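# Fold and contact review
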Amino acid sequence: MPDLRTTYLGLPLAHPVVASASPLSHDLDGIRRLEDGGASAIVLFSLFEEQIERENAAMATLAAAGADSTGEVSSYFPPMEAFAAGPGAYFDLVRRARQAVGVPVIASLNGLTATGWVDYAQLMHQAGASAIELNLFHIPADPLASGRDVEQRYADTVAAVCGAVPIPVAVKLSPFFSATGEMARRFVAAGARGLVLFNRFYQPDFDLDQLEVTPTVELSSSAEIRLPLLWLAILHGRVEASLAATTGVHTAADVAKYLLAGADVTMTTSALLKHGPSHASALVAGLAAWLDSKGFASVAQIKGAMSQQRVADPTAFERANYMKVLQSWPRR
Ligand SMILES: Cc1cc2nc3c(=O)[nH]c(=O)nc-3n(C[C@H](O)[C@H](O)[C@H](O)COP(=O)(O)O)c2cc1C
């Protein structure tokens, strides 16, 4: 049996399959099911500051519309009462989860205000969270906002939180920066111990009958691993931080690819929503079988083995490379 152990944010984990933030962790039963299903760590669903302050109706709209829509994911959204439960309920859940499960429990925060980010991160720490993931989810909808300003605000937020809590902080970042590598390094310089690639932004759709904007979240597919795969491969060995892959982890092959690119852990939500929490165990078993079949003794052995710094042709990660694709395209 290959050695599947890995380390994420300084936390020793039995293997690299982690449950990412989702409604599956919405209550203690769900959290226990994730551990029983085989996740080596659990990221809780995000605490949104507007849940607490009720300043922003957008989250309520998202949750309410999600509950009513006919979309695939609608039934996965937590009921509105969950949002109404208030911040105390979230911190209480962190506290009880830490007592109930043996795996690390990572709290997730999406703040609105400078004080909100810091205060709620501190409360997560006091509740016993093993680490905090910052869900930096902000659409810079103001066309006058400059990229540099948006980046600075992100970096300031990360620095403020990291300076306020002694536990490790990971940043779940956007894939839409002009210079993803530089932003990754800025987050690490601001104190982030881990980077989670990438935040998968919800993108609104239009309802053509009602002529309304409808919030939708669709489950991912394995095809979506490519963008995080690219950036993990580029960043591996170039940032002093743990790397987590999120998006598109449905099969053991997806896990193996992300590890080869340089991820320390792979995170999954859509596959667990689709197949149930025990799919985590299936991914782990599949990973072990693949390592065995290739003669690899451990996860550590393959981590980053196909990162940009270690592949024979580093340009494979750069340029459009359409030429190579076209050359091998079957001629009709
Ligand atoms: C229904 C649903 C709810 C989610 N809730 C959160 C959340 O509260 N916080 C967060 O950071 N990500 C959240 N995510 C994003 C997931 O954690 C994950 O990053 C994303 O779905 C990509 O991974 P996947 O391809 O395995 O689904 C949610 C995703 C889904 C589908």
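Description of the structure in this document.

Conventions we followed
- Residues numbered from 1 in each chain as written.
- Predicted model: local features only at pLDDT ≥ 70, side-chain atom pairs only at ≥ 80, totals over all residues.
- Heavy atoms only, no water.
- Helix = DSSP H or I, 4+ residues; strand = E, 2+ residues; numbered from the N terminus.
- Buried < 20%, exposed > 50% of the residue type's maximum accessible area, 1.4 Å probe, protein only.
- Contact = heavy atoms within 4.5 Å.
- Axes fitted to C-alpha atoms, helices over the stretch in contact; angles between N-to-C directions.
- Left-handed = near helix turned anticlockwise from the far one by under 90°.
- Phe/Tyr/Trp six-rings, centres within 6.5 Å; stacked < 30°, edge-to-face > 60°.
- Expected span 1.5 Å × (residues − 1).
- Arc of directions from axis to C-beta.

### Notes on the overall build of the protein
Summing up its helical and strand segments, the protein has 14 helices and 12 strands in all. Among the 332 residues that make up the protein, the fraction classed as buried is 50%. Across the protein, the fraction of contacts at a sequence separation of at least 24, relative to all contacts at a separation of at least 6, is 70%.

### Observations concerning the packing of helix H6 (residues 114-126) against helix H7 (residues 147-164)
At a minimum axis separation of 9 Å, H6 and H7 run at an interaxial angle of 30°. In this structure, H6 crosses over H7, and the sense of that crossing is right-handed. Together, Trp-117, Val-118, Ala-121 and Gln-122 of H6 and Thr-157, Ala-160, Val-161 and Ala-164 of H7 make up the contact between the two elements.

### Things to note about the side chain of Thr-266
Along the polypeptide, Thr-266 turns up in strand S12 (residues 265-268). Setting aside anything within four residues of it in sequence, one finds Thr-266 in contact with Pro-16, Val-17, Val-18, Ala-245, Val-249, Val-255 and Tyr-258.

### Notes on the packing of aromatic side chains
On inspection of all chains with the given rule, the structure shows 7 aromatic pairs. Consider the rings of Phe-91 and Tyr-120, whose centres lie 6.3 Å apart with planes at 15°: the pair is stacked. In this pair, Phe-91 is assigned in helix H5 (residues 87-100) and Tyr-120 in helix H6, connecting sequence segments 29 residues apart. Residue Phe-91 is classed as buried on the basis of its relative accessible area of 7%. Given the relative accessible area of 11%, Tyr-120 is considered buried. With a centroid separation of 6.5 Å and 70° between ring planes, the pair formed by Tyr-154 and Phe-187 is classed as edge-to-face. In this pair, Tyr-154 sits in helix H7 while Phe-187 sits in helix H8 (residues 180-189), placing the two residues 33 residues apart along the sequence. Across the pair, Phe-187 and Tyr-154 agree in class, each one buried. Taken together, the aromatic side chains of Phe-45, Tyr-90, Phe-91 and Tyr-120 make up a single cluster linked through ring pairs.

### Quick notes on the environment of Val-239
The residue Val-239 is located in the loop between helix H9 (226-235) and strand S11 (242-246) in this model. For Val-239, a relative accessible area of 10% gives the class buried. Sequence-wise, Val-239 and Leu-195 are 44 residues apart; in three dimensions their C-alpha atoms are separated by 9.4 Å. Residue contacts for Val-239: discarding those within four places in its chain leaves Ala-184, Arg-185, Val-188 and Leu-195.

### A word on H7
When the terminal C-alpha atoms of H7 are compared, their 26 Å separation across 18 residues agrees well with the 26 Å that a helix rising 1.5 Å per residue should span. Taken together, the buried positions of H7 are Val-150, Glu-151, Tyr-154, Ala-155, Thr-157, Val-158, Val-161 and Cys-162. Buried residues of H7 fall within an arc of 155° about the axis and therefore sit on the same side. Residues of H7 that are exposed and angled more than 90 degrees away from the buried face: Asp-149 and Gly-163. Of the surrounding elements, those touching the buried residues of H7 are H6, strand S6 (131-135), strand S7 (169-173) and H8.

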